[in-house]
Amino acid sequence: FPKEDTTPMVMVGLGTGIAPIRSFLQDKLYKKQKGIATGPMVVFYGCRREQEELFYKDEWAMFKKEGVLTELVGAFQYDKPHYPPKMVFVSDKMAELPELITSNLLQKGGYFYMCGPAVATPSVQKALKAAVATQGKLGEAEAEKWLAELLHSGRYSEESY
């Protein structure tokens, strides 16, 4: 993870994978309350249904109010109006908001963290590359190189199961 608390972070939490992300926000809040400056944090949260599975709603609102959560973007697979026929995944929401990725990861040198089922890794990485290729104006070949460097430099972390 970044050495500087002001370094931006983009995080993806899928299902129970949201728990470690919640702990990062708790840590950011603790630091901020101690007078330590903290940087932006964007969270993409994926689960089946918002009503039953978007846990800690009050905490997300509090983190945002306190200024440690920049944006919480929910992807709820089975919620209306898109379902049926289409399920919405985190990668779909990432594709809808490429500026959150390019601003924090490409332009500001932020860190990326994902926790959740490994089956989501290919689509999440594809969404990252697409964002920097289009919104970041790198093109596909440079976006591939960018993701490889993100992985190699330690700015990409994944805990998948």
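See above for the structure.
This section reports on the structure supplied with the text. The residue numbers shown here count from 1 along each chain, following its written sequence. Note on the predicted model: pLDDT of at least 70 is required for a residue's local features to be given, and 80 or more for side-chain atom pairs to be given and counted; whole-chain, interface and lining totals, by contrast, use all residues. Working from all heavy atoms in the structure, the side-chain values ignore hydrogens and water.

1. Digging into unusual backbone geometry
The linkage connecting Lys80 with the following residue, Pro81, adopts the cis geometry, with an omega of 10°. Assignment of secondary structure puts Pro81 in the loop between β3 (71-76) and α4 (90-96). Residues Tyr83 and Pro84 are joined by a peptide bond in cis, for which omega reads -10°. Secondary structure elements follow DSSP: runs of H or I no shorter than four residues count as helices, runs of E no shorter than two count as strands, and numbering proceeds from the N terminus. As for its placement among the helices and strands, Pro84 is situated in the loop between β3 and α4. Phi at Lys137 is positive, roughly 60°, even though this residue is not glycine. Tracing the backbone through its elements, the reader meets Lys137 in the loop between α6 (121-134) and α7 (139-152). A relative accessible area of 71% means that Lys137 is categorised as exposed. Whether a residue is buried, partly exposed or exposed follows from its accessible area with a 1.4 Å probe, protein chains only, as a fraction of its type maximum: under 20%, in between, or over 50%, in that order.

2. Focus on the packing of α6 against α7
Here an angle of 0 to 180 degrees is reported between the N-to-C directions of two axes, which are lines fitted to C-alpha atoms, with helices fitted over the stretch in contact. Where α6 meets α7, the closest approach of the two axes is 8 Å, and the angle between their N-to-C directions is 125°. By the criterion of interaxial angle, the relationship of α6 to α7 is oblique. In terms of crossing hand, the pair formed by α6 and α7 is right-handed. Counted together, Gln125, Leu128, Lys129, Val132 and Ala133 of α6 and Gly139, Glu140, Ala143, Glu144, Trp146, Leu147 and Leu151 of α7 form the full contact between these two elements. Ten residue types, Ala, Val, Leu, Ile, Met, Phe, Trp, Tyr, Cys and Pro, are classed as nonpolar, four, Asp, Glu, Lys and Arg, as charged, and the remainder, Gly among them, as polar. Residues of the contact of α6 with α7, tallied by class, amount to 7 nonpolar, 2 polar and 3 charged. Here the angle decides the label: under 35 degrees means roughly parallel, over 145 means roughly antiparallel, 65 to 115 means roughly perpendicular, and every other value means oblique. What makes a crossing left-handed is the near helix being turned counterclockwise from the far one by less than a right angle; a clockwise turn instead makes it right-handed. By the convention used here, residues are in contact when the closest approach between their heavy atoms is within 4.5 Å.

3. Details of the pattern of salt bridges
Here a salt bridge means any side-chain nitrogen of Lys or Arg lying within 4 Å of a carboxyl oxygen belonging to Asp or Glu. Going through the model one piece at a time under the given rule, you end up with 9 salt bridges. For the salt bridge of Lys86 with Asp92, the shortest nitrogen-to-oxygen distance reads 3.5 Å. Of the residues examined, Asp92 reaches a relative accessible area of 24% and is grouped as partly exposed. In this structure, Glu142 and Lys145 form a salt bridge, with 3.3 Å as the shortest nitrogen-oxygen distance. Residue Glu142 and its partner Lys145 are both found in helix α7; the two are separated by 3 residues, about one turn of the helix.

4. Some remarks on the packing of aromatic side chains
Aromatic pairing here means that ring centres of Phe, Tyr or Trp (its six-membered ring) are within 6.5 Å. Orientation follows from the plane angle: under 30 degrees is stacked, over 60 is edge-to-face, and everything else is tilted. This model, assessed by the stated rule, comprises 5 aromatic pairs. Taken together, the ring pairs connect Tyr45, Trp60 and Phe63 into an aromatic cluster. The aromatic ring of Tyr56 is capped on one face by Arg22, whose charged end is 3.8 Å from the ring centroid. Counting as a charge over the ring demands two things of the Lys NZ or Arg CZ atom: a distance within 6 Å of the ring centre and an angle within 35 degrees of the ring normal.

5. Considering the packing of helix α5 (residues 98-107) against α6
For the pair α5 and α6, the least separation of the axes is 9 Å and the interaxial angle reads 80°. Regarding the angle of α5 to α6, the classification is roughly perpendicular. For the pair α5 and α6, contact is made by Pro98, Ile101, Thr102, Leu105 and Leu106 and by Ala127, Leu128, Ala131 and Val132, respectively. Looking at the contact of α5 with α6 residue by residue, the classes come out as 8 nonpolar, 1 polar and no charged.

6. Observations concerning the side chain of Thr102
Note that Thr102 resides in helix α5. Setting aside residues up to four positions removed in sequence, Thr102 forms contacts with Gln107, Ala131, Val132, Gln135 and Gly136.

7. A look at the nonpolar core
The biggest cluster of nonpolar side chains holds 27 residues, and the ones touching the most others in it are Val12, Phe44, Met94, Phe112 and Leu128. Taken together, the elements giving at least two residues each to this core come down to β1 (9-14), β2 (41-47), β3, α4, α5, β4 (111-116), α6 and α7. The element contributing the most residues to this core is α6, with 6 residues. Those residues in contact with Met94 that sit more than four places away from it in its chain are Val12, Phe44, Ile101, Phe112, Val124, Ala127 and Leu128. Within the second largest apolar cluster, 19 residues are counted, among which are Leu29, Val43, Cys47 and Phe76. Nonpolar cores are built from buried Ala, Val, Leu, Ile, Met, Phe, Trp, Tyr and Cys residues. Side-chain atoms within 4.5 Å join them into one set.

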